[in-house]
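These are the residues of each chain, in order.
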Amino acid sequence: MAGDDHATHETIERYERIWVGFSLILIVMFVALVFYAVSMHGAHIGHAEPRQDPQKILAMDEFANPGVVQTGDNSYQVNMVAMAFSFVPGQIEIPAGSEVTFRMTSRDVIHGFQVRGTGINVELIPGDIASLKYTFDRPGEYLMICNQYCGVAHQNMLGRIVVTDPDAVVAEADEPTLEPEDADWRGAAESAYNAQCAACHQRDGSGSRGAFPPLADHMPALVVPEGGRDYLIDVVLYGLAGAIEVKGVSYRGMMPGMARLSDADVAATLNHALHAWGNEDALPEGFEPITREEVEQRRGLGLSPADVLEQRQSLRLD
Ligand code: HEC
Ligand SMILES: [Cu+2]
């Protein structure tokens with residue numbers, strides 16, 4: 001009957017109106033959520049400059065010598081290179097409240113740069129320079145993580161941003177006494193190693209296959225050849241880049257130079273790696289731990305990570 005048809009039609013129309021209204025509410029909610037998230041947490045998705053030849057970018061001074069530079073009273077620039085499987089620099093220190101400009105690129109594949117507890121999340125692509133500004137208001141430690149699967153040791157691609165409290169009274173940095181003559185150098189050496197080296201080479205010195213060479217069952221072989229002691233010190237001071245082979249596995253990474261460490265700490269980290277994990281038993285008869293004076297003498301040579309690779313080749317390890 002015509003009357004029934006009309007009633008059905010009305011009912012359907014009512015339902016349609018309800019659905020259209022409901023969808024509109026959803027759309028408005030989604031848009032509002034995006035606005036809310038961006039205004040409350042900020043979106044730091046980076047700004048990419050025009051693509052260039054990756055080699056040209058890596059040759060630029062800021063990326064050939066990555067690190068943190070102070071650019072003003074209260075501003076810093078972080079020049080960073082991501083590579084399988086590390087961020088260089090892997091540890092950054094900045095005072096809270098300062099304006100930080102990150103300039104970043106990748107040396108090999110696509111990596112992610114995400115900083116926990118912040119809205120920073122950027123894709124790092126070879127041939128691109130990603131840049132973004134950020135101000136860390138709260139002092140503390142922030143974890144940098146690669147959130148793009150980039151290979152076997154991807155999960156080890158981590159770093160730290162230490163945001164310091166500019167108002168805190170700076171304690172007189174007490175130089176730890178780590179002279180090998182001191183009876184207790186081992187404990188301090190272990191903590192120095194764990195703080196500076198374990199992120200990549202692991203606490204047990206096992207490294208990460210294909211990414212970070214093992215130091216366990218390997219350090220003694222490096223110290224034995226003539227020039228081995230200097231080589232080890234230079235690796236820590238100046239870094240190491242290029243293809244090496246350790247126990248039949250190839251590595252083609254880059255270890256960042258850590259000249260910022262004190263002479264005592266450089267000696268300590270190396271002495272720990274030379275003695276721990278059973279390495280001690282493989283050291284030559286009468287081996288003397290590396291001293292601060294030896295480290296001091298290797299400073300200021302201005303070597304590049306590639307120079308240190310050449311030095312390694314002259315050790316004729318195989
Ligand atoms: C950010 C990661 C990272 C950190 C931190 C790091 N290393 Fe390395 N290290 C590497 C990589 C990668 C290589 C291999 C570089 C290459 O492939 O050319 C390497 C190589 C070495 C080598 C040379 C091995 C060889 O066969 O010649 C030594 C020795 C070494 N590291 C010691 C240390 C010590 C000691 C520390 C702490 C003071 C340290 N590393 C901290 C990543 C790191
Ligand atoms: Cu990565």
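A quick note: this is a predicted structure, and the numbers were derived from the prediction, not measured.

S.K.: In this structure, what is going on with the overall build of the protein chain? I would like to understand it.
M.R.: Scanning the protein chain for helices and strands turns up 10 helices and 13 strands. Summarising the internal contacts of the protein chain: among those between residues at least 6 apart in sequence, 67% fall at separations of at least 24. Here the protein chain has roughly 17,700 Å² of accessible surface; of this, 54% comes from carbon and sulfur atoms.

S.K.: Would you mind going over the pattern of salt bridges with me for this structure?
M.R.: When the charged atoms of two side chains with opposite charge come close together, those side chains can pair. Under the definition given, this model contains 10 salt bridges. Here Glu-280 ties to Arg-186 by a salt bridge, and the two come within 3.1 Å at their closest N and O atoms. Here Arg-186 lies in helix α4 (residues 185-196) and Glu-280 lies in the loop between α8 (263-275) and α9 (292-298), a separation of 94 residues in the sequence. We note a salt bridge from Glu-294 to Arg-229, for which the minimum N-O separation is 2.8 Å. Pair noted here: Glu-294 is in helix α9 and Arg-229 is in helix α7 (residues 228-238), with a separation of 65 residues, a long-range link. Members of the salt-bridge network, linked through shared partners, are Asp-230, Asp-234 and Arg-298.

S.K.: Help me understand the site of ligand 1, please; the structure alone is not making it clear to me.
M.R.: Taken together, 31 residues lie around ligand 1, and Cys-197, Cys-200, His-201, Tyr-231 and Met-255 are the ones closest in. Contact between ligand 1 and His-201: a nitrogen atom at 2.8 Å from a side-chain N or O atom of the residue. Between Gly-253 and ligand 1, the recorded distance is 3.0 Å, taken from a backbone N or O atom to an oxygen atom. Listed by contribution, the elements that provide at least two residues to the shell around ligand 1 are α5 (198-201), α6 (219-223), α7, β12 (239-246), β13 (249-256) and α8. No other element matches β13, which puts 6 residues into the shell around ligand 1. In terms of residue class, the shell around ligand 1 is made up of 22 nonpolar, 7 polar and 2 charged.

S.K.: So what exactly am I meant to see when it comes to the coordination of the copper ion (ligand 2) here?
M.R.: Ideal geometry at a metal gives 109.5 degrees between four tetrahedral donors and either 90 or 180 degrees between six octahedral ones. Around the copper ion (ligand 2), the protein contributes the donor atoms His-111 (ND1), Cys-146 (SG), Cys-150 (SG) and Met-157 (SD), at 2.1 to 2.4 Å from the metal centre. What the 4 donor atoms of the copper ion (ligand 2) show is an angle range of 95 to 120 degrees at the metal, which sorts the shape as tetrahedral.

S.K.: Is there a simple way to explain a nonpolar patch on the surface in this structure?
M.R.: A cluster of nonpolar residues, Tyr-15, Ile-18, Trp-19, Phe-22, Ile-25, Leu-26, Met-29, Phe-30, Leu-33 and Tyr-36, forms a patch on the protein surface that exposes about 1,100 Å² of accessible area. Its place among the elements puts Ile-25 in helix α1 (residues 2-41). For Ile-25, a relative accessible area of 51% gives the class exposed.

Calculation criteria
Residues numbered from 1 in each chain as written. Chains lettered and ligands numbered in written order. Predicted model: local features only at pLDDT ≥ 70, side-chain atom pairs only at ≥ 80, totals over all residues. Heavy atoms only, no water. Helix = DSSP H or I, 4+ residues; strand = E, 2+ residues; numbered from the N terminus. Contact = heavy atoms within 4.5 Å. Areas by Shrake-Rupley, 256 points an atom, 1.4 Å probe, with all protein chains shown as cover. Salt bridge = Lys/Arg side-chain N within 4 Å of Asp/Glu carboxyl O. Near = heavy atom within 4 Å. Polar contact = N/O pair within 3.5 Å; in protein donor to acceptor, adjacent residues only side chain to side chain. Nonpolar A, V, L, I, M, F, W, Y, C, P; charged D, E, K, R; others polar. Donors = N, O, S within 2.8 Å, 3.2 Å for Na, K, Ca; no water. Tetrahedral: all angles 85-135°; square planar, octahedral: opposite > 155°, others 65-115°. Patch = residues over 30% accessible without salt bridge, like charges linked within 9 Å, V, L, I, M, F, W, Y side chains within 5 Å. Buried < 20%, exposed > 50% of the residue type's maximum accessible area, 1.4 Å probe, protein only.

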